[in-house]
Amino acid sequence: VIVGMVLVGILGVALDTVLRRLAEAVDAGGALLLMYPQGEGDTRGHGAARDYRVVRWSAAALDARLAQAGLVVAWDEAREGRGGSWRTVLARRAG
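Just so it is clear, the structure is predicted and the values come from calculations on it, not from any experiment. (Residues numbered from 1 in each chain as written. Predicted model: local features only at pLDDT ≥ 70, side-chain atom pairs only at ≥ 80, totals over all residues. Heavy atoms only, no water.)

(A) Region of the structure containing the overall build of the protein chain. Helix and strand counts for the protein chain come out as 2 helices and 6 strands. Taken over the C-alpha trace, the protein chain has a radius of gyration of 13 Å; the compact-globule value for 95 residues is 12 Å, and the two agree within 12%. Principal axes of the C-alpha set define a box for the protein chain whose edges measure 40 × 25 × 25 Å. Within the protein chain, the fraction of its 95 residues that count as buried is 31%. Of the contacts formed within the protein chain by residues at least 6 apart in sequence, a portion of 55% connects residues at least 24 apart. Accessible surface for the protein chain amounts to roughly 5800 Å². Of this, 54% is attributable to carbon and sulfur atoms. Averaged over its 12 positive side-chain charges, the protein chain has a centre that lies 4 Å from the centre of its 10 negative ones. (Helix = DSSP H or I, 4+ residues; strand = E, 2+ residues; numbered from the N terminus. Rg over C-alpha atoms; globule rule 2.2 N^0.38 Å. Buried < 20%, exposed > 50% of the residue type's maximum accessible area, 1.4 Å probe, protein only. Contact = heavy atoms within 4.5 Å. Areas by Shrake-Rupley, 256 points an atom, 1.4 Å probe, with all protein chains shown as cover. Lys, Arg positive; Asp, Glu negative; His and termini not counted. Charge placed at Lys NZ, Arg CZ, Asp CG, Glu CD.)

Right under this line is the structure:
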């Protein structure tokens, strides 16, 4: 079973909580497939339905938070997409 999630508007402390809970939700060796916009900082935008926030993370910053949650990056890939570079990460729960 692979759990998939797009990380877009999650700030630092909340991200740590989300990653920890996701890690707890998978068995040892289980996988999470995460996608997020790469970069630094956050921006706000206005959509047709509502306002939104985009939080960008560097690969090193997100990998450190994954490790803190007990997750190890098994594979990653970055691609240009809507609004800039997006990174996809396959992380496995350690143990």
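(B) Representation of the packing of helix H1 (residues 12–25) against helix H2 (residues 59–68) in the model. In contact at an axis separation of 9 Å, H1 and H2 are set at 45 degrees when each is read in the N-to-C sense. Classified by the angle between their axes, H1 and H2 sit oblique to one another. For H1 against H2, the interelement crossing comes out right-handed. Between H1 and H2, the contacting residues are Gly-12, Leu-15, Asp-16 and Leu-19 on the first element and Leu-62, Arg-65, Leu-66 and Gln-68 on the second. Partitioned by chemical class, the residues of the contact of H1 with H2 number 4 nonpolar, 2 polar and 2 charged. (Axes fitted to C-alpha atoms, helices over the stretch in contact; angles between N-to-C directions. Parallel < 35°, antiparallel > 145°, perpendicular 65-115°, else oblique. Left-handed = near helix turned anticlockwise from the far one by under 90°. Nonpolar A, V, L, I, M, F, W, Y, C, P; charged D, E, K, R; others polar.)

(C) Quick look at the environment of Ala-31. Relative to the helices and strands, Ala-31 resides in strand E2 (residues 31–37). Accessibility expressed as a relative area gives 3% for Ala-31, which makes it buried. Spatially, the C-alpha atoms of Ala-31 and Ala-74 are 8.9 Å apart, while their sequence positions differ by 43 residues.

(D) Structural detail: the pairing of strand E6 (residues 84–93). Of all 10 residues in E6, 7 are buried, a share of seventy percent or more. Bridge count for E2 against E6 is 7 bridges, and the pairing is antiparallel. Along E6, the bridge assignment pairs Pro-37 with Trp-86. By the bridge criterion, 10 bridges tie strand E5 (residues 71–81) to E6 in an arrangement that is antiparallel. Counted as the bridge partner of Trp-75 is Leu-90 from E6. In sequence, E5 turns back onto E6 through a hairpin of 2 residues, with Gly-83 there showing a positive phi of about 85 degrees. (Pairing = 2+ DSSP bridges.)

(E) Layout of the environment of Gly-9. Here Gly-9 lies in the loop between strand E1 (2–6) and H1. The exposure class of Gly-9 is partly exposed, given its relative accessible area of 41%. With 38 residues separating them in the primary sequence, Gly-9 and Gly-47 have C-alpha atoms 14 Å apart. Those residues within four positions of Gly-9 in sequence are excluded, and the remaining contacts are Arg-53 and Val-55.

Such coordinate-based values are descriptive only and should not be taken to indicate function.
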